[in-house]
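# Coordinates in review
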Amino acid sequence: MLLLRRCYSLTRCGRVNTQRLQLTPVVASCAARLWSSSSGEDQRSYQHIHRLRWRHAVAGLLAGTGAVLAYGLHHHQAEQSESSEVQIVEKTSALPVFTQEEVTSHRSLEDGVWVTYKGGVYDITEFVAMHPGGDKILLAAGGALEPFWALYAVHNHEHVLEILSEYKVGELSAEDQKKQQTVKSSDPYSTDPERHPVLRINSLKPFNAEPPPEILSDNYITPSAIFFKRNHLPVPQVDPDSYLLQVEGLPKGTLALSLEELKTQFPKHTITATLQCAGNRRSEMNRVKQVKGLNWGIAAISNATWTGARLRDVLIAAGYSQGVAEWARHVQFEGLDKDVTGTTYGASIPLNKAISEEGDVILAYEMNGEAIPADHGFPVRVVVPGTVGARNVKWLGKIVVSAEESSSHWQQNDYKGFSPGTDWDTVDFKSAPAIQELPIQSAITMPADGAVVDRSAEEVTVKGYAWSGGGREVVRVDVSVDGGKTWQVAQLRSSDKGQAPEPSPAPGRAWAWKLWEVTVPLPSEAEELEIVCKAVDNSYNMQPDTVPPIWNLRGVLSNAWHRVKVKIREDECEE
């Protein structure tokens, strides 16, 4: 990604030779600039990549979903929009013709991994190990790429298709091409709901967006329309009348509950809880060193009221007892959102969180007093307060009590934290626990970075939010306007202005954020302010002061002091 960041012209490279990749002058030029401006460590990394061949280096940097998203979104968040399909440019050659049966016989690394795309046949065996999306690429082995790439529109960019063209080995027979056209899949995102135009889009397919920071702290309860959106797959169309929630793994066997039964057979419970994406503030880690993932700003966090049945009550109805706790350790959740292979989104939480009366885990069917919107999990989502957003599974279809964690990709091979020294060559996802509770967090929503204030104003008002995972209550937010040399304590609030504050939460059950505000005099000699905030929770956890010590290759758990710089504009003298 370092290469991408410094070489914008890379995406405009000329055709790639279908036999072997030959470096175009622009790539060579970019490489030279990268080499000359990089540190010794970067150069050693470059040498390692070079030994893997430039073809693989460029492929690894450009082809994967995460890498392309991180790059493309860093420069233009909306470029993931309805891109017209880019045709692969190939040199005219007499390539052999293969039948679909022959392609299908190449579905493993041992037999070779072949795929088809727009009538071409490609042997991508050598690329599998370099695919930033991991071995998910093998799901397409022996078949067509189109239905898989339809899930991630980011693949429809010229540089990705040029990389694919290098691996072309033949053409698909005309008869089999006709068969493919008759079963051509439609856009799986065509039924996604409409979204509010104010949202700042990080990815269109799947849809991921956050509100502008300056409006995030306007409301203690975030309106559903601007609550941050985090989707991994297309939004499913669920009929509430035929909806059934399956509960498995308990002595009474499978319990199936309709939406109406969930609403009428269990007490209704409401909580106010903040949800935060594991990647919130990832953009700050990208500024230290490129990571893989959506380039979230500071607004991948929102607060809402959630109403539904307690998960504890549902599990007891399904046969949970103390004896179950002797062997069970986890509660798994499966969503109804799925990819073209039928693989659903999944996650799990510890059993003791799920069953605890103080855990407040609910199967929510209302958000902010109304039916949960489609983007947020209609008709039912699990809300696990104090826990990373990734475990709050939307469009909930199945609950499984188990001795094991969810085997889902998003539980086992994502949403985990690592040392700054761990890279993609050495990372072992099995060595790290899945993120559950999140660390203390705060950020400045106003003024924005780069804002200008007039000297005549004599003061500046700073606003923001603060939250801590695990039910730990935020007890203080410190704000500095001189980069951390001196500090003032901000005023906290747990309601909208003019409204009565919510009752103080019970210890360990502070699920909602605090909004904060402080007005600070402008220093007389300063021309620029470096405004900094840091929060403290009731366990006296505090935010780290800088990003580099907490940097990690996935850009999660980004909670360093938040900083913005503001210019002071001097008053014009009257003549």
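This text goes with the structure placed above it.
Attention here is on the structure that accompanies the text. (Residues numbered from 1 in each chain as written. Predicted model: local features only at pLDDT ≥ 70, side-chain atom pairs only at ≥ 80, totals over all residues. Heavy atoms only, no water.)

## Here's the deal with the overall build of the protein
Counting its regular elements, the protein contains 15 helices and 27 strands. For the protein, the proportion of its 575 residues judged to be buried stands at 53%. Expressed as a percentage of contacts within the protein between residues at least 6 apart in sequence, the contacts between residues at least 24 apart total 74%. When the accessible surface of the protein is split by element, carbon and sulfur atoms take 50% of a total near 25,600 Å². (Helix = DSSP H or I, 4+ residues; strand = E, 2+ residues; numbered from the N terminus. Buried < 20%, exposed > 50% of the residue type's maximum accessible area, 1.4 Å probe, protein only. Contact = heavy atoms within 4.5 Å. Areas by Shrake-Rupley, 256 points an atom, 1.4 Å probe, with all protein chains shown as cover.)

## Some remarks on empty space enclosed by the protein
Evaluation of the coordinates by the stated rule reveals three cavities of 30 Å³ or more. Estimates place the volume of the largest cavity at around 240 Å³. In terms of lining residues, the largest cavity is bounded by 21 residues, among which Arg230, Arg381, Gly389, Asn392 and Lys394 are the most central. Contributing elements (two or more residues each) for the lining of the largest cavity: β8 (229-230) and β11 (268-276). (1 Å grid on protein atoms, 1.4 Å probe; cavity = no way out; pocket = protein on both sides within 12 Å on 5 of 7 lines; lining within 4 Å. Points joined across faces, edges and corners; volume = space filled by probe spheres on them.)

## Considerations on the pairing of strand β13 (residues 330-338)
Looking at chain direction, β13 and strand β14 (residues 344-350) are connected through six bridges and run antiparallel. Looking across to β14, one finds that valine 331 is bridged to isoleucine 349. Between β13 and the antiparallel strand that follows it, β14, lie five residues; glycine 342 among them carries a positive phi value of about 90°. (Pairing = 2+ DSSP bridges.)

## Comments concerning the sheet that holds β13
The strand order across the open sheet formed by five strands is β10-β9-β18-β13-β14, and the pairing between neighbours is mixed. Two strands bound the open sheet, and with one partner strand each, they are β10 (255-258) and β14. Ignoring which end each strand starts from, the neighbouring axes of this sheet average 20° apart. (Axes fitted to C-alpha atoms, helices over the stretch in contact; angles between N-to-C directions.)

## Details of the pattern of salt bridges
Evaluation of the coordinates by the stated rule reveals 24 salt bridges. Of the charged contacts in the structure, one is a salt bridge between arginine 472 and aspartate 537, with a shortest N-O distance of 3.5 Å. Placement of the pair is arginine 472 in the loop between β21 (459-467) and β22 (474-480) and aspartate 537 in strand β26 (residues 528-537), with a sequence separation of 65 residues. Residue classification places aspartate 537 among the buried residues on the basis of a relative accessible area of 0%. The residue lysine 534 makes a salt bridge to aspartate 478 at a minimum N-O spacing of 2.8 Å. With lysine 534 in strand β26 and aspartate 478 in strand β22, this pair connects stretches of sequence that are 56 residues apart. By the burial criterion, lysine 534 is buried, and aspartate 478 matches it. Because the salt bridges share partners, they merge into one network encompassing Glu175, Asp176 and Lys179. (Salt bridge = Lys/Arg side-chain N within 4 Å of Asp/Glu carboxyl O.)

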